[in-house]
Each structure stands twice: as structure tokens, then as C-alpha cells.
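# Reading the structure
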Amino acid sequence: MVPDSGSSPVNHAAPTTNSTLRRVPAWRRAARWRRLFLALAVIGQTGIATYYFSRVLPYHGGTFLELGLLVVFTLLFAWISVGFWVALTGFVLRLRGGDRHSLLRRHREADLSGVPLARTAVVMPIYHEPVARTLNGLRASFLSLQRTGQLDSFDFFILSDSRDPQVWLSEREAWYRLCEDLGAAGRLFYRRRPVNLHYKSGNVADFLRRWGRAYRYMIVLDADSLMEGSTLVKMVRLMEREPQVGILQTSPAIINAESLFARVQQFASDVYGPLFATGLAAYQLGEAAYWGHNAILRIEPFMRHCGLKKLRGPGLFGGPISSHDFVEAAFMGRAGHEVWLEPDLTGSYEESPPALAEELIRDRRWAKGNLQHLWVLFTEPRLRFAHRMALFNGVMAYLASPLWFAFLALTTAAAARITLLPIEYFPAESGLFPVWPEWNPVSALALVAVTLLLLFLPKLLAVAERLLSGRAAEHGGAARLVASVLVESLVSALLAPIRMLAHTRHVLEAIFNTTLRWAGQNRSDETQWRDALASEAPGTVLALSWSGFAWWLDPAFFLWTLPVVLPLVLATPTAVLFGRVRPGQWLRERGLLRVSVEERVEGVAKDLDSGPMLLEEAVQGTAFNRAVLDPKVNHVQQSCARRARGGARARRIESLIQRCAARGPEDLTRRELGVLADDASALAQLHAVAWRAAPDSYWGRALEHYVRAHAPADAA
Amino acid sequence: MTATSSEHALARVLSYLRLCDIPLTREVMLKALGLVQDALLEGGTSSDLLARVMDRLPQRFSLPEPRVPIAQPNLRRSSIRYGP
């Protein structure tokens, strides 16, 4: 039953009475007042700023161009204002010891620890992820859970969508080694989906259709997620105590950062993240968003209400939903279940992309996925208002960039108009009185200062919160904390225009359903100069052209462009150097950008670093050759593979075996290799062929190479 | 000097045993030598010596088979529903 907006949620797990159904929970009342305050604060602040901006403009908004500027400015300023008030709220609440409406604060630790656990599946959907790193992370979480003594209530699933047989053979092999290392047979499972439907949400849905009934809860991890066992256990207990909660989302902190880029993200996540997360949670309360990972979901209502149909709109708005999480949270809320963000649930981590290039590759997917939410926002019935706002927030996360770009373009056009064209004293057709256009640089500077204050004050509040709570020592002391904030601010200021341009491109690509690829993607661990130049050069050229035009127009206007132009001109060295490990380590050695989790080095972080090399070994050489040559690996892969029963498939396989035996795997396409790799009989035959092959044949040489690589260390 | 076919055959046997985690003790070495010797005594061409040796290897040595855990538990099927 889906209740009307504003009434109590339906409790699927406990008996209810009419009085329970009618009574509005306290958090809903608090949410209404808080959101009303937020709306008034943002509207009021934006209104004032827009008014002042109109006074800054020469014609005070009296032309179409300036009207466009005002509209764009209003949207952008409102966006910044929301972030400011969320951070300020988070600061106040954290100083007061937390939000009294928080889910975690309803239960004493002693009461929670006695709650029996329910069967929970920990699932990790993966697609062409670095195998060793991914499974080492899962290993760390497994060990941490084992130490709690509660492992029996949990099963782990690796859900692979990988298509490249070299990758999924490595995954299988690493899964086997992990089972051996952890003694996790019958508790750690591996499933590769033969048909990819609907991306990650389809992967998870496939799991639920097969095994959903066996578990009450599902905890979703990303490939770079890490979670403390105590946190996993606490999440299950909280869900048991709060039967109306459909999804409980943690606020993961970034961990394991090495490059300068990643360390800056890690520092920001550690210092500013709690402030923003607390503020966000305070306004969302039981209508929060789901971020797709490091969260626990109640399976029964999720399966009943959160199935995702394909979108039926034009272009971008057609096909499967790629950013599924926010939509699933909205559907859960529509069904009457609560979705909570709980920032005080620590022990939840993820990794940052190591360089800007990786982040932007990820952002291309997310931009398209978030823009699709516009269709959901306007066509899905009976979504709760808070969830519609969350969807809109996600859209703005990427739409803000083209708006900023438009703002710069319109500003340039306005400057060009006032400089190059004759002054128009009657800009409005119906105006009776002349308008003397006037620039007001002092007011403009004041407005910029206020905007910068809104952007940077949250950082200062975060520093203040650390100092007041006595946690500055985690960052090397007050002086190092402040210095780290300056470093982070400088790096962020350098990256902001680069991201703006990239996100603008992503949005245009998504809207026009095209790929404006003017460079290859970085696949190496550190961004190479050639790749960075190819990727960033167009932005640099655009920036130089713009600044040249601005200088020609008016040297004063040129100065205004520098905060955007300089980072774009420096984009290539920025992309390369920030992605390097050495600068990050250099700062760390001097006590800068230190974070609390690095100082403790315990729990999952320690397990991640101390894992045996067995999983590294799994990726040496090509996985297919290992599957053919190594007797143990061959046996494992055979056990997991299919068995063809004859007919056309068996004949095709036989033909592929002949080719592979004679000329090696390079003679086959990726698809053909996959057919062989997934057939037990083919693997057995190729194994026999390889070990009987003449020394000067392909397999003879491959075998020689493999044996030499695995010879004991003392072999001469 | 290029290795003879019997040297290749012995190397194959020993490599296979090593990769199966069978320690190359004195007894194992003697057995491996005996395997190659018997294959040579059978006659046949040097080009199929490797095949004959590898065919007989499972009969001479007890090769351990790693215990592979089940990759997927038993199915508990159900369906996912969609909104209004």
C-alpha cells in the first residue's frame, strides 16, 4: 500500500495499529520546519544577491542579454547558497553533539549490541575492475567482519558483469584463492552474468531474482569500497530495530590515497565531508538519497517496489536508467519506507580516482545518468517532494557547469556589447526614460567577495570544528591543518575550471547523444603528458582565445577572466602532476593533507595493506594462458565452466579448440576466447594439448615461459 | 647444445609435478626418470614422446585435485516488481 504524501509509512515488519498509522513521526515535523528554514534562507539570500547583481549590470537587467545573465546568476547563486546553509547547519549540529533526530541516536549502544542478526548478503557488483585491488578490499572487509564473531549471519557475493575473458578468468581465479586464504568456502560466492542488462542495477536485480529470498538484507559495496565489520553488524542491528527503514546509507570517507589528486580528495572528504553529510542528513532525515554503495537495503520492499523500468522518453531519456540509486531511494520512499543517511556510522570507506582523468571518465557516466533523472522527476507519479529535490540536486551537480560556462559567455557578450556597440539609452522598447548604463566595479567586487565567502566559509567552519573538538592533532596540529586547507583550496581552485569545461562537454554529449571525443582515455596508473595534452589542449586554446579577446576588449575585463583562464592554461601540467604519487607523498612526509584514518592504521586499512601476495600472483601473465597451462588453475576454471551438450555449439567449440591449439589465443577474437574459457571440455582439451606441445610451438614456448616464471627461487 | 627430446620430456614431467605442488623428492625423481625411460623403451618417434609421457603421468603419480568450493549457492527464485 502506498500512503499519501505526508501520512505515516506502512510498517512491513511489525504489527501496526490505526493510531500508529495516523501519528506523524517526530522527524517528519522537524523535517518540515528545517526545510522551510532552508528554503527561506536560500531564497532570501539569493534574492538579495540577485538584486545586487542587477545593480552591478550596466542596464540593471534591462536588456535580454542581462536578463539571461540574471537568470543564470540566480540559479548558480542558489546552488552555492544551498551548499553554504547545509554546511552551516552541519557545523551547528556537530558542535551540539549531533542531530537528535538521527537514527543512530535513538538506540543506546548496549541495546543495539543485543539485537540478533538476520541473514544478510554483502554484494559487490564489478565490471572490469582491477582484480587484485578489488578482491583484496573484499578480503579486508571479510576479515574485519570475522573478528566481530558474527560472520555466520553474512554471505558474500562477487557479482561480475565483466565481458573480457582475461578479466573474468582472473576474477574466478582470485575468488578461488580468496576462498582458500580465508576458509570462505560456502560463504564467498562468485557469479558472472552472461548477459548484461541494465548495467549495475540489472546486475543487482539478477542477484535478487536468484537469491533475494534467502536474505533479509543486502549490503552493496562498490569495487573500491571498504567497510569495518563492526559497521556491517551495526547496520543490520539498526535495520532490525527500525522496521520502517528501507535503506540506510553511510557516508563513506576516502581512504588509501596516494597521488596528490587523491590525497586532496581524501583530505576534503575527511575534514569537510562530515560537516556536509551532517547538514544534508539533517534536512533529508527519513527521505535521504541512496548513493549506490556502502549502504544496507531491506530486500523485500526493495524487490516489491524498486524495480526500474526502461525510460520511454526521447534520446537521453530513453533506455535503462544508468544512475539507479537516487531513483531506487525515491521509489522506496514512495512505497512508504524511510531512507536515512547516517553520517555517524563510521567505518565506511571508498577510494578516490587516482587522477583527474579517471574522475572525468566516471563523471561522463554519472552526468548522463543524473540528467536522465529529469525524466523521472517530471513523469514518475507520487514521489515524495524531498526525493524530487534530491533528484534535482543530482541534476544540478552537472548542470551547474554549463550554467557557469553560459554565465562566462554571457558576461563576455555583455562586456563586448557595452564596449563595441553604441550605447543604447532606451534598451527596453516600452521605456519612456533613458537609461545611462554604468558599471559598478565596487559592487561587483563586493558580490564576488560574498560569493567567495559562501564557497570558502564551510571550509573555515570545518577547520573550526576540528579545532574545537580537539581533533587537529589528527592532521598534524592546527598549523598543519590550516596549511593543508590552503593546499586543498589551491588545488580545488585550479581544478574547478577544468571540471567545468569537462562537465559542460559531458552534459552536451548526453543531451545530443553523441561523443565529443577529442582524446583517448587514460588507462595507465599515472596520467601521461601526451594523454593530458590531448585531453586538455582544447580547453587551453579556448581559454587563451577568450583571454585574448578580453584583453582586446578591455584590460580590466581581462583581469576578471584570470581566475578561470589561468587554471585552464595550466590544465596539462595540472592533470599530470596532480595524478603523480610522488607529490602526494612529498606533502605527506611534511605532515600535510594528513587524515585521521591514516594515523590509526587499524582495521580494514591495515588488512588492506597486509594481505598476502596471493592475489597479486593471480594477475601475472594472461589469465587465459594460466587457465590452460597451470594444472591447479585449469582444474578450478573447469569446475566453474559450462559443459556443452553437443549440437552446433559443441561443433563450434571444437573448431575454436583446433585454432587455439595450433596458433594460440591471439588467433581468436575476444568473444571466441570467451566461448572457450567458459567451456569445461575446451579447457581440459587445451590443457592436454599445451602440455604435449612441441617446444618450438606456440604452447610449447608459452609453457616454457610460464614454468620459468613460476620456478622456485632457488632453482638455477 | 640443444636439449634432446628426452630432456624435454623429463623437464615437462618435473614442471607438471611442481605446479601440482608435489615436492620433487628422491623417490619422485626416480619415478619421473622411470616414466621417461619406459616411454623411450616403447619406441615411437621422438616427436610424440612428450604425448606418451604426459599420457602416462596420471597413472604413475597420484595428482592432487584442488577442492573447488561451490561458486553459487542453490537458487531461491523470486521476482522484482515495478512501480505504478
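These lines cover the structure that appears in this document, whether it is placed above or below.

What counts, and at which threshold
Residues numbered from 1 in each chain as written. Chains lettered and ligands numbered in written order. Predicted model: local features only at pLDDT ≥ 70, side-chain atom pairs only at ≥ 80, totals over all residues. Heavy atoms only, no water. Helix = DSSP H or I, 4+ residues; strand = E, 2+ residues; numbered from the N terminus. Rg over C-alpha atoms; globule rule 2.2 N^0.38 Å. Buried < 20%, exposed > 50% of the residue type's maximum accessible area, 1.4 Å probe, protein only. Contact = heavy atoms within 4.5 Å. Areas by Shrake-Rupley, 256 points an atom, 1.4 Å probe, with all protein chains shown as cover. Phe/Tyr/Trp six-rings, centres within 6.5 Å; stacked < 30°, edge-to-face > 60°. Lys NZ or Arg CZ within 6 Å of the ring centre and 35° of its normal. Buried area = accessible area lost by both parts, 1.4 Å probe. Salt bridge = Lys/Arg side-chain N within 4 Å of Asp/Glu carboxyl O. Polar contact = N/O pair within 3.5 Å; in protein donor to acceptor, adjacent residues only side chain to side chain. Nonpolar A, V, L, I, M, F, W, Y, C, P; charged D, E, K, R; others polar. Pairing = 2+ DSSP bridges. Axes fitted to C-alpha atoms, helices over the stretch in contact; angles between N-to-C directions. Right-handed = clockwise from strand over helix to strand, strands pointing away. Core = buried A, V, L, I, M, F, W, Y, C linked by side-chain atoms within 4.5 Å.

We now examine the overall build of chain B. Each helix and strand counted, chain B has 3 helices and 0 strands in total. The order of helices and strands in chain B, counted from the N terminus, is α-α-α. The C-alpha radius of gyration of chain B comes to 22 Å, more than 25% above the 12 Å expected for a compact globule of 84 residues. Overall, chain B is about 80 × 30 × 25 Å in size when its C-alpha atoms are taken along their principal axes. Among the 84 residues that make up chain B, the fraction classed as buried is 33%. Here the contacts in chain B between residues at least 6 apart in sequence split such that 56% fall between residues at least 24 apart. When the accessible surface of chain B is split by element, carbon and sulfur atoms take 53% of a total near 5300 Å².

Attention now moves to the packing of aromatic side chains. Residues and elements named next belong to chain A. Counting across every chain of the model gives 22 aromatic pairs over all chains. Residues Phe84 and Trp85 carry aromatic rings whose centres are separated by 5.2 Å and whose planes lie at 75° to one another, so their mutual orientation is edge-to-face. Relative accessible area serves as the criterion here: at 8%, Phe84 is assigned to the buried category. Residue class for Trp85 comes out buried when judged on its relative accessible area of 17%. With a centroid separation of 6.5 Å and 35° between ring planes, the pair formed by Trp175 and Tyr190 is classed as tilted. Taken together, the positions of Trp175 in helix α6 (residues 165-182) and Tyr190 in strand β3 (residues 188-192) put the pair 15 residues apart, joining distant regions of the chain. Taken together, the aromatic side chains of Phe157, Phe189, Phe207, Trp211 and Tyr215 make up a single cluster linked through ring pairs. Over the face of the ring belonging to Trp366 we find Arg362, whose NZ or CZ atom lies 4.2 Å from the ring centre.

For the rest of this paragraph, the subject is the side chain of Thr231 of chain A. Along the chain, the position of Thr231 of chain A falls in helix α8 (residues 229-241). Filtering out sequence-adjacent residues up to four positions away, Thr231 of chain A remains in contact with Leu345, Thr346 and Gly347 of chain A.

Turning next to the interface of chain A and chain B. A common way to state how big an interface is: give the accessible area lost once the parts meet. At the interface, 47 residues of chain A touch 32 residues of chain B. The junction of chain A with chain B conceals about 3700 Å² of combined surface from both sides, 62% of it contributed by carbon and sulfur atoms. For chain A, the biggest contributors to the area lost against chain B are Arg213, Trp691 and Arg692 of chain A; these three give 18% of the whole. Here Asp21 of chain B makes a salt bridge to Lys632 of chain A, at a shortest N to O gap of 2.7 Å. In this structure, the connection of chain A to chain B is made through 15 residue pairs in polar contact (both at pLDDT 80 or more). Per-class residue counts for the side of chain A that touches chain B are 27 nonpolar, 8 polar and 12 charged.

Attention shifts here to the pairing of strand β1 (residues 120-126) of chain A. Residues and elements named next belong to chain A. The buried count for β1 comes to 7 of 7 residues, which makes it a mostly enclosed element. Sheet topology note: the β1/strand β2 (residues 154-160) ladder contains 7 bridges and is parallel. When the sheet's bridge partners are listed, Thr120 is paired in β2 with Phe154. As paired strands, β1 and strand β4 (residues 217-220) are joined by 4 bridges and run parallel to one another. Residue pairing for β4: Thr120 is matched across the bridge by Tyr217.

Glancing now at the sheet that holds β1 of chain A. Residue and element names in this part refer to chain A. What the 7 strands build is an open sheet, ordered β3-β2-β1-β4-β8-β6-β11; its pairing is mixed. Both outer strands of the open sheet, β3 and β11 (338-342), are each paired with one neighbouring strand and no more. Across this sheet, the average inter-strand angle for adjacent strands is 20°, counted without regard to direction. Where strand β6 (residues 245-250) lies against strand β8 (residues 295-298), 3 bridges are found, and the strand directions are antiparallel. Looking across to β8, one finds that Gln249 is bridged to Ala295.

Next up on the list: the pairing of β3 of chain A. Residue and element names in this part refer to chain A. Counting buried positions along β3 yields 5 of 5 residues, so the element is predominantly enclosed. Alignment of β2 against β3, held across 5 bridges, turns out to be parallel. Bridge pairing in β3 places Ile158 opposite Tyr190. With α6 bridging β2 and the parallel β3, this β-α-β connection has right-handed handedness.

This part covers the pattern of salt bridges. Residue and element names in this part refer to chain A. By the definition in use, this model includes 43 salt bridges over all chains. One salt bridge in this structure joins Lys200 and Asp222, with 2.9 Å as the shortest N-O distance. Here Lys200, found in helix α7 (residues 199-211), pairs with Asp222, found in the loop between β4 and β5 (226-227); they are 22 residues apart in sequence, far enough to count as distant. With its nearest N and O atoms 2.7 Å apart, the salt bridge here joins Glu240 to Arg216. Of the two residues, Glu240 is situated in helix α8 and Arg216 in the loop between α7 and β4; the sequence distance between them amounts to 24 residues. Classification of Arg216 as partly exposed rests on a relative accessible area of 44%.

Turning our attention to the nonpolar core. Nonpolar side chains in soluble globular proteins tend to be buried together. Residues and elements named next belong to chain A. Core analysis: the biggest nonpolar cluster contains 99 residues, and Phe154, Leu248, Phe624, Leu676 and Trp699 have the highest contact counts within it. Sorting elements by how many residues they give to this core places α6 first, with 8 residues. Excluding residues that lie within four positions of it along the chain, Phe154 makes contacts with Leu117, Arg119, Thr120, Val122, Leu145, Arg187, Ile219, Leu232, Val233 and Val236. Of all hydrophobic cores here, the second largest spans 43 residues; its members include Ala140, Leu226, Leu494 and Met500.

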